[in-house]
Each structure stands twice: as C-alpha cells, then as structure tokens.
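# Tertiary structure, described
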Amino acid sequence: MDRVDAVVVGAGVVGLAVARALARAGRETIVLESAERHGTGTSSRNSGVIHAGLYYPEGSLKASLCVRGRELLYEFAASRQVPHRRVGKLIVALQTREAALRTIVERAEAAGVLNLEWLDAQALARMEPALRADVALHSPSTGIIDAHGLMHALEGDLTDAGGMVAVCSRLTRATPLSGGGFELTVSSGLGPDVQETSLHAHRIVNAAGLDADAVARRIVGTPPERIPQVYFAKGNYASLSAPCPFSRLIYPVPVPGGLGTHLTLDMGGQAQFGPDVEWLGAADPSREPGSTAAMQDFRVDEARLAGFVRDVQTWWPSLPTERLRPAYSGIRPKLSNLGEPVADFQILGPSELGLDGLVHLFGIESPGLTASLAIAEVVEQKLLR
Ligand SMILES: Cc1cc2nc3c(=O)[nH]c(=O)nc-3n(C[C@H](O)[C@H](O)[C@H](O)COP(=O)(O)OP(=O)(O)OC[C@H]3O[C@@H](n4cnc5c(N)ncnc54)[C@H](O)[C@@H]3O)c2cc1C
C-alpha cells in the first residue's frame, strides 16, 4: 500500500490552499480530486470577490478568517502575479435601509475593518453618476481576483514543495488504523476503467465542499453527531451584454441567505449580477461522496431574470433590461436552513473529533475564497502543532 503523510480530499481553492500549507511545512501531501481537473466545483462558480469582512458576526470564524485571508490573498496574488484588482465596493441603500448600513459598520469595526466611508447622495453621484441611492458605504479594501489563476498558483506552490493533485480520484472510505493514520479507499479513473486502490495516510483533511458531510460519513471514527445537516442554496447569475457604467462593485444591503443581488466585474471588465438565493433543500445524508455536483442542475432559468431586473432597478433605474442574459450558477453548502440564524464555518480537528490526524471543513460558503489561505493556517495549526 502506498504511504503518504497527508491527504487532502478536494482540489477546490480551500483544499489547494491547505495542501500547499502542509507541503510547505515539509509533509508529503496528495490532493484527491474526483473531477477531471482541479477547481471545477464551487471555486469556479462564484463572484470572484475578495471580501473586506464587513458582514460577519463578531467572534465568528467567518469574520476573523475573512479579514486575515483577505490580507494573505492580496499578498499572495501580488507575489505570484495572480490577476486581481482592489476595485472597492459600494453598499447602497435608500433612507429606509440606513439602519442596515449602520449594522454593517458596527460588525465591520468589530472585525477590525476600520476604513469604511459614508457617502451621501451627492458624493455618490460624483463617484458613480448612474447609481440611485440616498446613502452608501464605500469599502476600499474589497477587490476581485481571477479564481482560476489563484488555484493555478496554489497548485504550483504545492508541486514545487513536492506535493501533487491526483485527479479522477474519489475518496470512498477511510478507516483509522490501530498504529495511527488511516487506510483510504480511492476510486480512480473514469467510466468503465474505474479501479479501487488503497492508500495509507497519517493525516486527512476533508475539504470536499458540497460533499464534505458525505465524505465525513465515510471516514470511520468521525462522531456522527459532529456531522452537520447541510442545506443547499443555489446562487444564479445574469450577465450584461452592454457597457457597464460602474467602476466599482455595487451591493444592496444583504438579504436572508445571501448578500443581495449585486454587480460584480470580472477581470476583463464584464459585468454580471447575482448571486440570488434559490433554496434547494436539505442534502441527502446518504449520497455517495463526490456525487453532488453531477446531481445538480447548474442551468439558470430564464424566468429568474425578472427578479434580477426588479432588484437591480432599485439602484440602477436605467438598467438596459433587454441586455440581461442567464449566465452561470453556484451552490452554497449552508449549515443553516432558510429562516434560521446564519451559521458559521466549522473547522473540526482532532480535539473536537477525538481522533488524531483528521480535520473536517463544513459549511465553507462565502467568504471561503477570500478566507482560503487563512483557513489553511488554521488547519495546519490543528494538524501539525
Ligand atoms: C454563488 C456563490 C458565490 C460566491 N462568491 C464568493 C466571493 O465572491 N468571494 C468569496 O470569498 N467566496 C465566495 N463564495 C464562496 C467560495 O466560492 C467557496 O467558499 C469556495 O470556493 C469553497 O472552496 P472549496 O475548496 O471548499 O470547495 P469546492 O471548490 O467545491 O471544492 C471541493 C472539491 O472537492 C471535490 N470532491 C468532493 N467529494 C470528493 C471525494 N469524495 N473525493 C475527491 N474529491 C471530492 C469536488 O469535486 C470539488 O472539486 C461563493 C460561493 C457561491 C456558491
């Protein structure tokens, strides 16, 4: 049986960041990825925004890891020439929602984000003349990043440190061994050529995104009561096939389950709106690990465009509605259902699980891309120190 120090399950941005950290700490590390390439999951189905850390409850992992991760990400992107831009963002409101903006300022300040600026309607009109709002917050630390470029750079560091990503390799089961470590069963290959192989690893990190709960159920010794129920919430995007008058990201105040239908710009300057929130219900706990993406319909229903028009026209009345097109979607693995208080990330290590050498990452929705390098620091600390 092949032996390796650490196995990370899932080659999304979080799994790659974690594997890079472990490999650079001198641990021989393999990432198992069930798809044919890295980064085809949620990590390539998002807004590509480097969040400043404005929204998350004081003391939460989302708050601290977003702020830490944002700084690490700007440094990393600059040092590895990953395309990114600190474009800034406006959170806009009509007078009736000004209280919601005040709550954002309080939360942001509690998380250490002290550079938000209040803008009145006149200041706003000078900055973004096409925008209609009574009041806004300007967040200069918000940016955008090329998520594929980021993952490519993370994988480059991983391989430079002696690690590798094994694609078409799905973890189906792991069992702790009496002498320490785990025996892993991996299903490798595609279609009729699938083969089962075994691997010995001292440590496992479950960074399987939408499948993290299903993977955890297959790692023997994980206390069942520590595996959360996951709820899926799809986020749909619409693209604008017309010039966009805005140079910053534009957000309304958040809505239950998401940040509100906002305008993001990609690195090529293309404007898109979204994601909205379409609750898909509870994940089936008995599903095969690694099967979720194939079971989902990522198409964007044209009928949802009416909702985009209604939301966006509240702050951009002259939106050319006939130029909106359904674009892409992503799915959030949420640990709270519609109507429940927003849940935090869960990073469960040996002390929480009572099992050496194992870390599970649950509920890594937004701001997981921003926080990826900070999540990697926490995982490294839980496993190696
Ligand atoms: C609509 C939307 C918008 C978002 N916007 C932002 C944003 O602007 N900024 C931000 O910071 N965050 C954003 N996020 C959150 C961010 O995209 C995610 O937190 C992040 O991409 C999660 O990365 P991951 O590596 O955990 O998961 P994934 O990218 O999903 O990777 C998990 C991988 O595990 C693999 N896998 C699953 N099971 C197995 C198995 N059994 N064996 C082997 N491999 C397996 C999958 O194939 C997949 O490649 C957004 C999320 C959504 C849904």
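Refer to the structure printed above.
The following paragraphs examine the structure supplied in this document.

Parameters at a glance
- As a convention, each chain's residues are numbered from 1 in the sequence order in which they are written.
- Given that the model is predicted, a residue must reach a pLDDT of at least 70 before its local features are reported, and side-chain atom pairs must reach 80 or more before they are shown or counted; all residues, however, enter totals for whole chains, interfaces and linings.
- Strands are runs of DSSP state E lasting at least two residues, helices are runs of H or I lasting at least four, and both sets are numbered from the N terminus onward.
- Here the globule rule is a power law, 2.2 Å times the number of residues to the power 0.38, and the radius of gyration is based on C-alpha atoms.
- For the exposure call, what matters is how many other C-beta atoms sit within 10 Å of a residue's own: 20 or more marks it buried, 12 or fewer exposed, and in between partly exposed, using C-beta atoms placed from the backbone.
- We call two residues in contact when their backbone-placed C-beta atoms lie within 7 Å.
- Residues of type Ala, Val, Leu, Ile, Met, Phe, Trp, Tyr and Cys that are buried and joined through C-beta atoms within 7 Å form what is called a nonpolar core.
- A residue's bend is the angle separating two fitted axes: one through the seven residues that end there, the other through the seven that start there.
- Expected helix span is given by 1.5 Å per residue-to-residue step, counting one fewer step than there are residues.
- Near, as applied to residues and a molecule or strand, means the residue's backbone-placed C-beta atom lies within 6 Å of it.
- Each residue is assigned to one class: nonpolar for Ala, Val, Leu, Ile, Met, Phe, Trp, Tyr, Cys and Pro, charged for Asp, Glu, Lys and Arg, and polar for all the others, Gly among them.
- Under this scheme, a helix contributes an axis fitted over its contacting stretch, all axes are lines through C-alpha atoms, and angles between N-to-C directions fall in the 0 to 180 degree range.
- Note on convention: near helix rotated counterclockwise from far helix by under a right angle means a left-handed crossing. Clockwise means right-handed.
- Pairing between strands is defined by DSSP: at least two bridges between the two strands are required.
- For classification, angles of less than 35 degrees are called roughly parallel, those exceeding 145 degrees roughly antiparallel, those between 65 and 115 degrees roughly perpendicular, and all remaining angles oblique.

## Some remarks on the overall build of the protein
Counting its secondary structure elements, the protein contains ten helices and 20 strands. The C-alpha radius of gyration of the protein comes to 21 Å, within 12% of the 21 Å expected for a compact globule of 385 residues. The principal-axis extent of the C-alpha atoms belonging to the protein is close to 70 × 40 × 40 Å. The proportion of buried residues among the 385 residues of the protein is 47%. For the protein, restricting intrachain contacts to residue pairs at least 6 apart in sequence, the fraction spanning at least 24 positions comes to 74%.

## Considerations on the environment of Lys62
With respect to the helices, strands and loops of the structure, Lys62 is situated in helix H2 (residues 61-79). Not counting the four nearest positions on each side in its chain, Lys62 is found in contact with Tyr56, Asp344, Phe345 and Pro367.

## Overview of the nonpolar core
Ranked by size, the top nonpolar core spans 110 residues in total, and within it Val7, Val9, Ala17, Val18 and Ile375 carry the most contacts. With sequence-adjacent residues up to four places away left out, Val18 is seen in contact with Val8, Val205, Ala207, Ile375, Ala376 and Val379.

## What about helix H10 (residues 368-384)?
Along H10, the largest kink reaches about 40 degrees and is centred on Ala374. Of all the 17 residues making up H10, twelve are buried; the element is thus mostly covered by neighbouring parts of the structure. Residues of H10 that are buried: Gly368, Leu369, Thr370, Ala371, Ser372, Leu373, Ala374, Ile375, Ala376, Val378, Val379 and Leu383.

## Brief notes about H2
Compared with the 27 Å implied by 1.5 Å per residue over 19 residues, the 26 Å span of H2 between its first and last C-alpha is a close match. In the core, the buried residues of H2 are packed alongside strand S3 (49-50), strand S4 (84-85), strand S8 (143-145), helix H5 (147-160) and H10. Downstream of H2 by one or two residues, Gln81 has phi in the positive range, about 55 degrees.

## Points about the site of the ligand
The environment of the ligand is formed by 44 residues, the closest being Gly10, Gly12, Gly41, Gly209 and Gly368. Going through the elements one at a time, helix H1 (13-24), strand S10 (169-176), strand S18 (324-334) and H10 are the ones with two or more residues in the shell around the ligand. When its residues are assigned to classes, the shell around the ligand shows 19 nonpolar, 19 polar and six charged.

## Some words on the packing of H1 against H10
Two numbers describe how H1 lies on H10: the axes approach to 8 Å, and their chain directions differ by 35 degrees. Classified by chirality, the crossing of H10 by H1 is right-handed. The residues of H10 that touch H1, namely those facing Val13, Val14, Ala17, Val18, Arg20, Ala21 and Leu22, are Gly368, Leu369, Ser372, Leu373, Ile375, Ala376, Glu377, Val379 and Glu380.

## Structural notes on the pairing of strand S16 (residues 271-274)
With burial as the criterion, each face of S16 is covered, one bearing Ala271 and Phe273 and the other bearing Gln272 and Gly274. With four bridges joining them, strand S15 (residues 262-265) and S16 adopt antiparallel strand pairing. Bridge pairing in S16 links Thr264 to Gln272. The hairpin turn running from S15 into S16, its antiparallel successor, is five residues long, and Gly269 in that turn takes a positive phi close to 85 degrees.

## Considerations on the sheet that holds S4
Spatially, S3-S8-S4 is the arrangement adopted by the three strands of the open sheet, whose pairing is antiparallel. The sheet is open, and its two edges are formed by S3 and S4, each paired on a single side.

## Section: the packing of H2 against H10
Relative to each other, H2 and H10 sit at 95 degrees, their axes nearing to 7 Å. Relative to H10, H2 is oriented roughly perpendicular. Across from Leu65, Cys66, Arg68, Gly69, Arg70, Leu72, Leu73 and Phe76 in H2, the residues of H10 making contact are Thr370, Ala371, Ser372, Leu373, Ala374 and Ile375. Taken together, the residues of the contact of H2 with H10 sort by class into nine nonpolar, three polar and two charged.

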